[in-house]
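Here's the letter readout for the chains.
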Amino acid sequence: MELDSTRHRDEREIEELELELLLTAVAQRYGYDFRSYARGSLERRVRNAMEKEGVATLSRLQERVLHDPAAMHRFVETVTVHTTAMFRDPEHYLAIRQHVIPLLRTYPFARIWHAGCATGEEVYSLAILLEEEGLYDRCRIYATDISDLVLDRARKAIYPLHMMRDYTINYQRAGGTREFSSYYTADDKNAVLRQALKRNIVFSQHNLVSDGVFNEFHVVLCRNVTIYFDEPLRNRVHRLIHESLMKFGVLGLGAKESLRDTPFESHYEALAPEVKLWKRTAP
C-alpha cells in the first residue's frame, strides 16, 4: 500500500510539473497565459484537450500545440469556457432596461465593453435591447474574447435553429417588445441574425490576463468570466475593469460573481445587486 501511495504521489508530481511546463510554453510561445486560472477546472479542460488531440500525456500535448498552430487554436477553444445564450439570465437584461438605460440616455454617445463575449449571443442580445430602447445608434459595443475562433463565429452570427425557442422565451422574460423572430432569418438548420444588429459592434481579440486598458467605457459587462480565475488574477481583472470604467459607469458581473473581498469593493455602489449590477462612484 505504501509503495502504491508513493507511486501515485510521484505520478501526480510529474503531472503537475508537465502541466506547468505546458502552460509556461503556451504563454511564452503564443502569449496565452492560463497559469492563473483556477486549477481544478483548468486541469479538467486540459484533459479534454488531450482527448480531442488523441494524446496520452501532457508532454505530447505540449509538443503538438507548440509545433501546430491549428492544434493551439483548438487548445485555446477547449481550455477557455464559452457557455453562453441569448438573453442569458433574462432578469439581468430586464434590470439593464430598468436601471442602465436611463443612465445611458443622459450621454450623447456611450461605449460598452463586453469582455469574454464568447460566440456573441449575449452581445447581440444587448444590441437588440439597445435597438428597442432607441439607443443603439448612440452606442458602440466592443466585444472581446481571448479566442479568435469563437470571435469568428460571433462575427458570423449564425446559431442553431433549435435554440431559438429557448432564446425566444429568454427574450420575452427580458422585457422584449417585438417579435423575436424579426431579428433573424432561418433555414432548416440555422438562424442568421439580421445584418443590422452588427452595425455598432466591434469584435476584437483581448486577453484579460495580459492585455491592458484600451478605452474608457460607460458600461463594462464581464459576466461568468472571473469565476475561472484564481484570486490574484480576479483582482487584476477587477483593476483593469475599474481603470476602464468612467466615473458613474456601470459594471455587470455574472450570477456567481461578486465584488466582495476585492480591492475595489468600496469603489462601487449597488445599482441592482440582485442581478450583479454596480455603479462606479470612487476614483
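The structure under discussion appears in the preceding block.
Just so it is clear, the model here is predicted, and its values are computed rather than measured.

K.L.:
Run through helix 6 (residues 121-132), naming residues and quoting values.
P.N.:
Helix length check: helix 6 (12 residues) gives 17 Å between terminal C-alpha atoms against 16 Å at 1.5 Å per residue, within 8%. The buried fraction of helix 6 is high, at 11 of 12 residues. A positive phi of about 75 degrees marks Gly-134, the residue just after helix 6.

K.L.:
Lay out the side chain of His-206 in plain terms, naming residues and giving numbers.
P.N.:
Of note, His-206 is situated in the loop between strand 6 (201-205) and strand 7 (217-222). At 3.0 Å, the side chain of His-206 forms a polar contact with the backbone oxygen of Gly-212. Apart from residues no more than four positions distant in its own chain, His-206 is found in contact with Trp-113, Thr-144, Asp-145, Ile-146, Asp-211, Gly-212, Phe-214 and Leu-240.

K.L.:
I'd love a proper account of the pattern of salt bridges, names of residues and values included.
P.N.:
Here the idea is simple: oppositely charged side chains can pair when their charged atoms come close. By the definition in use, this model includes 15 salt bridges. Glu-53 is the salt-bridge partner of Arg-74, the closest N and O atoms lying 2.7 Å from each other. Pair noted here: Arg-74 is in helix 4 (residues 69-79) and Glu-53 is in helix 2 (residues 39-53), with a separation of 21 residues, a long-range link. When its relative accessible area of 10% is taken as the criterion, Glu-53 is described as buried. The salt bridge partner of Arg-97 is Glu-132, with a shortest N-O separation of 2.8 Å. A residue pair is termed long-range when its members are at least 10 positions apart, and Arg-97 in helix 5 (residues 90-104) and Glu-132 in helix 6 qualify at 35 residues.

K.L.:
Give me the sheet that holds strand 3 (residues 158-160): which residues, what numbers.
P.N.:
Judged by pairing direction, the sheet is antiparallel, and its three strands sit side by side in the order 3-5-4 without closing on themselves. Either end of the sheet is taken by a strand with one partner, and the two such strands are strand 3 and strand 4 (184-186). When the angles between neighbouring strand axes are averaged without regard to direction, this sheet yields 30 degrees.

K.L.:
Account for the sheet that holds strand 6, naming residues and giving values.
P.N.:
Strand order in this open sheet of seven strands is 6-2-1-7-8-10-9, and the pairing throughout is mixed. Lying at the two open borders of the sheet, with one neighbouring strand each, are strand 6 and strand 9 (268-272). Pairs of neighbouring strands in the sheet enclose a mean axial angle of 20 degrees, with direction left out of account. As paired elements, strand 9 and strand 10 (residues 277-280) share four bridges and run antiparallel to each other. Looking at strand 10, one finds that Glu-269 is bridged to Lys-279. Its contacts with the sheet put helix 6 on strand 1 (110-115), strand 2 (139-145), strand 6 and strand 7, and the angle it makes with strand 2 is roughly 170 degrees.

Each value, and the rule that gives it
Residues numbered from 1 in each chain as written. Predicted model: local features only at pLDDT ≥ 70, side-chain atom pairs only at ≥ 80, totals over all residues. Heavy atoms only, no water. Helix = DSSP H or I, 4+ residues; strand = E, 2+ residues; numbered from the N terminus. Expected span 1.5 Å × (residues − 1). Buried < 20%, exposed > 50% of the residue type's maximum accessible area, 1.4 Å probe, protein only. Polar contact = N/O pair within 3.5 Å; in protein donor to acceptor, adjacent residues only side chain to side chain. Contact = heavy atoms within 4.5 Å. Salt bridge = Lys/Arg side-chain N within 4 Å of Asp/Glu carboxyl O. Pairing = 2+ DSSP bridges. Axes fitted to C-alpha atoms, helices over the stretch in contact; angles between N-to-C directions.

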